[in-house]
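# Residue-level structure breakdown
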Amino acid sequence: LGRVTKDRPDFFDKHLVARTEVVNVNYLDMRQEFEVTTKDVNTGTLNLKHFDKCVWAAGQNSVRSFPQKLIDDVREGGFAGRIIHSSDMANFEDDVKGKRILLIGGGYSAEDLALQSIKVGVDEVFIAVRSSDGGDVASMSIWPYDKVDLMAGVVMTGAAGENKVVLHRFDEDDWEADLDGPSIILENIDTIVFCTGYREDTSMLSANLNRNMAVGATKFEVPKDWKMNHALDAVTGEVETNDVSYFTTRVDPDYYYGISAKNPNMMFVTAFHFHTPLLAIELHAHLLAKAAVGILQVPSEEDVKRLSDLEMLRVLSNPTNRHFVDARYWHHYRKLDEDSRWVAEFEGVLHDIETLDTIMRIADYPMRLMSDTGFDVPFSNMTQYYPFAEDGQLPDCLTETGKRFYNMVLEGYFHRDKDEGEMENIVKHKYGLTYRDYVG
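This section reports on the structure supplied with the text. (Residues numbered from 1 in each chain as written. Predicted model: local features only at pLDDT ≥ 70, side-chain atom pairs only at ≥ 80, totals over all residues. Heavy atoms only, no water.)

## Remarks on the packing of aromatic side chains
Selection criterion: In this analysis, rings of Phe, Tyr and Trp, with Trp reduced to its six-membered ring, are considered paired at centre separations within 6.5 Å, and the interplanar angle assigns stacked below 30 degrees, edge-to-face beyond 60, and tilted for intermediate values. Helix numbers and strand numbers start at the N terminus; a helix is a DSSP run of H or I with at least 4 residues, a strand a run of E with at least 2. Three labels apply to residues, based on accessible area from a 1.4 Å probe with only protein chains included: buried if under 20% of the type maximum, exposed if over 50%, partly exposed otherwise in between. Over a ring means this: the NZ of a Lys or the CZ of an Arg is within 6 Å of the ring centre and within 35 degrees of the ring normal.
Going through the model one piece at a time under the given rule, you end up with 15 aromatic pairs. Centre to centre, the rings of Trp-342 and Phe-346 are 5.4 Å apart; their planes meet at 20°, and the pair counts as stacked. Of this pair, Trp-342 and Phe-346 both sit in helix H11 (residues 338-362), four residues apart, which is roughly one turn of that helix. Given a relative accessible area of 1%, Phe-346 falls into the buried group. Their ring planes at 75° and their centres at 5.5 Å tell us that Phe-346 and Phe-388 sit as a pair that is edge-to-face. Here Phe-388 lies in the loop between H11 and helix H12 (400-416) and Phe-346 lies in helix H11, a separation of 42 residues in the sequence. Of note, Arg-64 hangs over the ring of Phe-66, and the distance from its end group to the ring centre comes to 5.1 Å. For the cation-ring pair, Arg-211 lies above Phe-268, with the distance from its terminal atom to the ring centre recorded as 5.5 Å.

## A look at the pattern of salt bridges
Put simply, the rule reads: Salt bridges are defined by distance alone: a side-chain nitrogen of Lys or Arg within 4 Å of a carboxyl oxygen of Asp or Glu.
In total, this model carries 23 salt bridges according to the counting rule given. Arg-306 is the salt-bridge partner of Asp-303, the closest N and O atoms lying 3.5 Å from each other. Linking Asp-303 with Arg-306, this pair stays in helix H8 (residues 301-316), spanning three residues, or about one helical turn. The partly exposed category is assigned to Asp-303, whose relative accessible area is 31%. Salt bridges sharing common partners tie together Asp-133, Arg-334, Arg-341 and Glu-345.

## Focus on the sheet that holds strand S2 (residues 33-40)
The line we're drawing: Each pair of strands is called paired provided DSSP finds at least two bridges between the two strands. Here, axes are lines fitted to C-alpha atoms. For helices the fit covers the stretch in contact, and angles between N-to-C directions go from 0 to 180 degrees.
Across the sheet, three strands lie side by side as S1-S2-S3; this open sheet has antiparallel pairing. Looking at strand neighbours, the two that pair on one side only are strand S1 (20-28) and strand S3 (46-51), the edges of this open sheet. Going across the sheet, the axis of each strand differs from the next one's by a mean of 20°, ignoring polarity. Bridging between S1 and S2 involves eight bridges; their strand directions are antiparallel. Across the sheet, Asn-24 pairs through a bridge with Thr-37, a residue of S2.

## Description of the sheet that holds strand S7 (residues 100-104)
A sheet is described by the order of its strands in space; here five strands give the open sequence S6-S14-S7-S8-S9, paired in parallel fashion. Taken across any chain shown, the strands that pair with only one partner, and hence form the sheet edges, are strand S6 (82-85) and strand S9 (148-152). Each strand of the sheet is rotated relative to its neighbour by a mean of 20°, with strand direction disregarded. Direction of pairing for S6 relative to strand S14 (residues 191-194): parallel, over a ladder of four bridges.

## Re empty space enclosed by the protein
In this approach, a probe sized like a water molecule rolls over the atoms, and the result shows the empty space that is left. Threshold: Only protein atoms enter the 1 Å grid, on which a cavity is a set of points fitting a 1.4 Å probe that cannot get out and a pocket is an open set with protein on both sides within 12 Å along at least 5 of 7 lines, lining residues being those with an atom within 4 Å of a point. Grid points are joined across faces, edges and corners, and a volume is the space filled by probe spheres set on the points.
One pass over the structure, following the stated rule, counts one cavity of 30 Å³ or more. There is about 90 Å³ of room inside the largest cavity. Along the walls of the largest cavity sit Phe-274, His-275, Thr-276, Val-349, Asp-352, Ile-353, Leu-356, Phe-405 and Val-409, which together make up its complete lining. Mapped onto the lining of the largest cavity, the elements with two or more residues apiece are H11 and H12. It is H11 that contributes the most residues to the lining of the largest cavity, four residues altogether.

## What about unusual backbone geometry?
Here Thr-248 and Thr-249 are connected by a cis peptide whose omega angle stands at 5°. A positive phi angle, close to 55°, is found at Asp-243, a residue other than glycine. You can see Asp-243 is positioned in the loop between helix H6 (233-236) and strand S16 (255-256). Of the residues examined, Asp-243 reaches a relative accessible area of 45% and is grouped as partly exposed.

## Here we look at the packing of helix H7 (residues 277-292) against H11
Relative placement of two packed helices is described by the angle separating their axes and the distance separating the axes. Using the following cut-off: Roughly parallel here means an angle under 35 degrees, roughly antiparallel means over 145, roughly perpendicular means 65 to 115, and every remaining angle is called oblique. A clockwise turn of the near helix away from the far one marks a right-handed crossing, whereas an anticlockwise turn of less than a right angle marks a left-handed crossing. Whether two residues touch is decided by their heavy atoms; if any such pair falls within 4.5 Å, the residues are in contact. Residue polarity is assigned by list, with Asp, Glu, Lys and Arg as charged and Ala, Val, Leu, Ile, Met, Phe, Trp, Tyr, Cys and Pro as nonpolar; anything else, Gly included, falls into the polar class.
Remark: H7 packs on H11, axes separated minimally by 9 Å, with the N-to-C direction vectors making an angle of 25°. Of the possible angle classes, the one that applies to H7 and H11 is roughly parallel. Classified by chirality, the crossing of H11 by H7 is left-handed. Of the residues in H11, those touching H7 at Leu-279, Ala-280, Leu-283 and Leu-287 are Leu-356, Ile-359, Met-360 and Ile-362. Residue classes in the contact of H7 with H11 are distributed as eight nonpolar, no polar and no charged.

## Let's talk about the layout of surface pockets
Here the second largest pocket is characterised by a volume of approximately 1,700 Å³. No other element matches the six residues that H7 contributes to the lining of the second largest pocket. Looking at side-chain class alone, the lining of the second largest pocket contains 23 nonpolar, six polar and seven charged residues.

Structure follows, in structure tokens:
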């Protein structure tokens, strides 16, 4: 905001329209303009305006993902307790204090709310995670006061009374609950919290402008002669690709870094599924701004498809990113031993840094993370660098800024992976830090 108002202190007074809902956006081919209908949320008055460019920047966490059918099944089973989404924090203390609660989902929301629950005096926390490896919450090696029970590889399937919740094992091969297997009954559950994330809201865009941003939305045809040729092949074997999807929104055959190849006047700001979303959004906005004023030339539809396919082959060459988009490789990756998995994770961090650096180069951003040599660290050499070698150096392919950024990402991993001594110190302070502690 400071950069925007530095030379234009009245920018937001002149150009920001608050208390306004975008009802519909349509593209008029004959006029080559966007027709936008908005509504004043105070008066309900509708307004119609026309624009040359349209940038969708409504965020990828706009609409709560709430599995309504499952909720209905739980209610039909007689459950009488509270059922809320992880975003429902208004009465959170009343919902969890002195109670036994069940969190559904193994992402960072579940981790944050488990710690938050402990802070406000929860009796016991159960976390049901369908992934057999426990998801992100499994990185918490010790929970304060031992109040959290992580249940990996299970899903909630219903209820068996006012405070009894039914769970079953999750079959990762068939990707569904094993309803023929034995059930697990959790008793005396007072509150169920769905930590099931969000999705983007593009409902205001007409069909010819809309974009499906879900990972797996568009299938990728892998060349028949393609080989991964990665050092991890010695551990996983040579895994043939199966049911591969474009890594949306990072790689999309119809969009050039969020710019529609069919209609370059339509653009989408996203975080590209990076672990550093604020930086990713900053870079993306910088790139789209250049495109909007005509500084950045958008390739043709054919070239966008060709560049996307080349980038997908680069994605598939990295084990961590490949397991997100290749259904068969996902199973092999999850079975890696802990040491191999850690090395693969940090190689994935360098791979992501190279991708961010590519966006910096295209957008002519005044900062670079990679040297001009690019990512040149063989997988077999990763262990000679920090953090695997305690006094090891950082890869030479990183700039000084890139090294600081890499260290910051590593600290994000290590902060959550506490040993017993560190946890004892946290317990002495009565609670573990959560996201809300950092942001006040």
